[in-house]
Amino acid sequence: MGDEMFFGEFRHSIDVKGRLSIPSVFRGYCGKAVYVTKGHEGCLALYTEEGWDEYYKKLQALPRSKKTNRVFVRMVTSKVKKCEFDKLGRINIPTSLRTEGNLDKDCVVIGVGDYVEIWDEKTWDQFYEDNKDDFDYFAGTADSVIELEESLGGASENAKKLKQGLRGFDKLNNIKT
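Residues numbered from 1 in each chain as written. Predicted model: local features only at pLDDT ≥ 70, side-chain atom pairs only at ≥ 80, totals over all residues. Heavy atoms only, no water.

> Would you mind showing me how to read helix 3 (residues 67–79) here?
In an α-helix, one turn spans 3.6 residues; hence positions three or four apart end up facing the same way. Taking 1.5 Å per residue as the helical rise, helix 3 with its 13 residues ought to reach 18 Å, and the 19 Å between its terminal C-alpha atoms agrees with that figure. Taken residue by residue, helix 3 has Asn69, Val73 and Val76 as its buried positions. Down the axis, helix 3 shows its buried residues gathered within 70 degrees of arc, on one side only. Every exposed residue of helix 3 that faces more than 90 degrees away from the buried side is listed here: Lys67, Thr68, Arg74 and Ser78. Lining the buried residues of helix 3 we find strand 3 (33–38) and helix 2 (49–61). (Helix = DSSP H or I, 4+ residues; strand = E, 2+ residues; numbered from the N terminus. Expected span 1.5 Å × (residues − 1). Buried < 20%, exposed > 50% of the residue type's maximum accessible area, 1.4 Å probe, protein only. Arc of directions from axis to C-beta. Contact = heavy atoms within 4.5 Å.)

> Sorry if this is basic, but what is going on with the packing of aromatic side chains here?
Two aromatic rings are characterised by how far apart their centres lie and by the angle between their planes. Counting across every chain of the model gives 13 aromatic pairs. Pairing Phe6 with Phe26 gives two aromatic rings, centres 5.3 Å apart and planes at 85 degrees, and the pair type is edge-to-face. One end of the pair, Phe6, is in strand 1 (residues 6–13); the other, Phe26, is in helix 1 (residues 24–27), and 20 residues separate them in sequence. Owing to a relative accessible area of 1%, Phe6 belongs among the buried residues under this scheme. For Phe26, a relative accessible area of 1% gives the class buried. (Phe/Tyr/Trp six-rings, centres within 6.5 Å; stacked < 30°, edge-to-face > 60°.)

> Hey, could you run me through the side chain of Asp120 in this one?
Tracing the chain through its elements places Asp120 in strand 8 (residues 116–120). For the buried Asp120, no salt bridge exists, and the shortest N-O distance to an oppositely charged side chain is 6.9 Å, to Lys122. Looking at Asp120, its side chain comes within polar contact range of the main-chain nitrogen of Lys122, at 3.3 Å. Excluding residues within four positions of it along the chain, Asp120 makes contact with Gly101, Asn102, Leu103 and Asp106. (Lys, Arg positive; Asp, Glu negative; His and termini not counted. Salt bridge = Lys/Arg side-chain N within 4 Å of Asp/Glu carboxyl O. Polar contact = N/O pair within 3.5 Å; in protein donor to acceptor, adjacent residues only side chain to side chain.)

> Looking at this structure, how should I read the environment of Val73?
Residue position: Val73 is located in helix 3. Spatially, the C-alpha atom of Val73 lies 10.0 Å from that of Lys58, the residues being 15 residues apart in sequence. In this structure, Val73 is in contact with Leu59, Gln60, Leu62 and Ser78, ignoring residues within four places of it in sequence.

> Help me out: how do you make sense of the confidence of the model for the protein chain in this one?
The predicted coordinates should not be examined in detail at positions where pLDDT is low. Chain-level statistics for the protein chain give a pLDDT mean of 85 and a share of 78% at 70 or above. In this model residues 169–175 is a low-confidence stretch, pLDDT under 50, and it forms four contacts with partners more than four residues away in sequence or in other chains. (pLDDT = per-residue confidence, 0-100.)

> Sorry, what's going on with a nonpolar patch on the surface here?
A cluster of nonpolar residues, Met5, Phe7 and Tyr29, forms a patch on the protein surface that exposes about 300 Å² of accessible area. By the element assignment, Tyr29 lies in the loop between helix 1 and strand 3. The partly exposed category is assigned to Tyr29, whose relative accessible area is 38%. (Patch = residues over 30% accessible without salt bridge, like charges linked within 9 Å, V, L, I, M, F, W, Y side chains within 5 Å. Areas by Shrake-Rupley, 256 points an atom, 1.4 Å probe, with all protein chains shown as cover.)

> What should I look at first to understand unusual backbone geometry in this one?
The phi angle of most residues is negative, glycine excepted, and most peptide bonds adopt the trans form. A positive phi angle is found at Glu41, which is not glycine, with a value near 55 degrees. With respect to the element layout, Glu41 can be found in the loop between strand 3 and strand 4 (44–48). The phi dihedral of Asn102 falls on the positive side, at around 55 degrees, and the residue is not glycine. Among the secondary structure elements, Asn102 is positioned in the loop between helix 4 (95–100) and strand 7 (106–113).

> How should I be thinking about the pairing of strand 7 in this particular structure?
Note on strand geometry: in a regular strand, side chains alternate between the two faces of the sheet. Across the eight residues of strand 7, six count as buried, placing the element largely inside the fold. Pairing of strand 1 with strand 7, which is carried by eight bridges, proceeds in the antiparallel orientation. If you follow Phe10 over to strand 7, its bridge partner there is Val109. Here strand 7 runs beside strand 8; their pairing, made up of five bridges, is antiparallel. Residue pairing in the sheet places Val109 in a bridge with Ile118 of strand 8. With antiparallel pairing between neighbouring strands as the criterion, strand 7 and strand 8 make up a hairpin whose turn holds two residues. (Pairing = 2+ DSSP bridges.)

Next comes the structure, spelled out in structure tokens:
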């Protein structure tokens with residue numbers, strides 16, 4: 001989705017008015033506003049304007065003849081909210097989205113490559129703890145998907161970035177592939 005490179009984990013608090021500070025390292029890619037919507041596994045997803053436009057086009061390209069696609073598109077688009085940054089680099093997350101993401105006070109803002117996820121701190125810590133031991137399995141599965149895409153005529157840019165990232169992680173951790 002453009003040139004966004006969102007990586008890292010940042011712990012912030014959301015105030016009673018729903019204002020959450022977005023890390024300055026992320027804001028440089030965001031412009032004046034971002035789009036926030038329902039994410040996966042209980043988090044919220046934050047997209048740049050360009051990122052949202054690309055994601056929305058993909059949603060609209062899903063075959064509407066499948067009920068699962070219609071339901072998914074409705075759930076994502078009905079919750080999306082354009083949020084502008086204030087002078088302190090905060091966005092105001094509406095009550096409905098705070099409820100959706102179970103955001104009360106302590107949050108974790110994580111970069112996921114081309115978008116950002118906003119998690120309730122306890123939910124993120126539990127998710128990470130539950131999944132960290134399966135890292136090698138997930139990496140192998142992701143690599144297999146990328147290889148399949150390449151054999152079918154070329155991997156998407158996101159798949160290529162993921163593969164490069166996995167290889168970089170392997171090198172950093174002395175993992176032989």
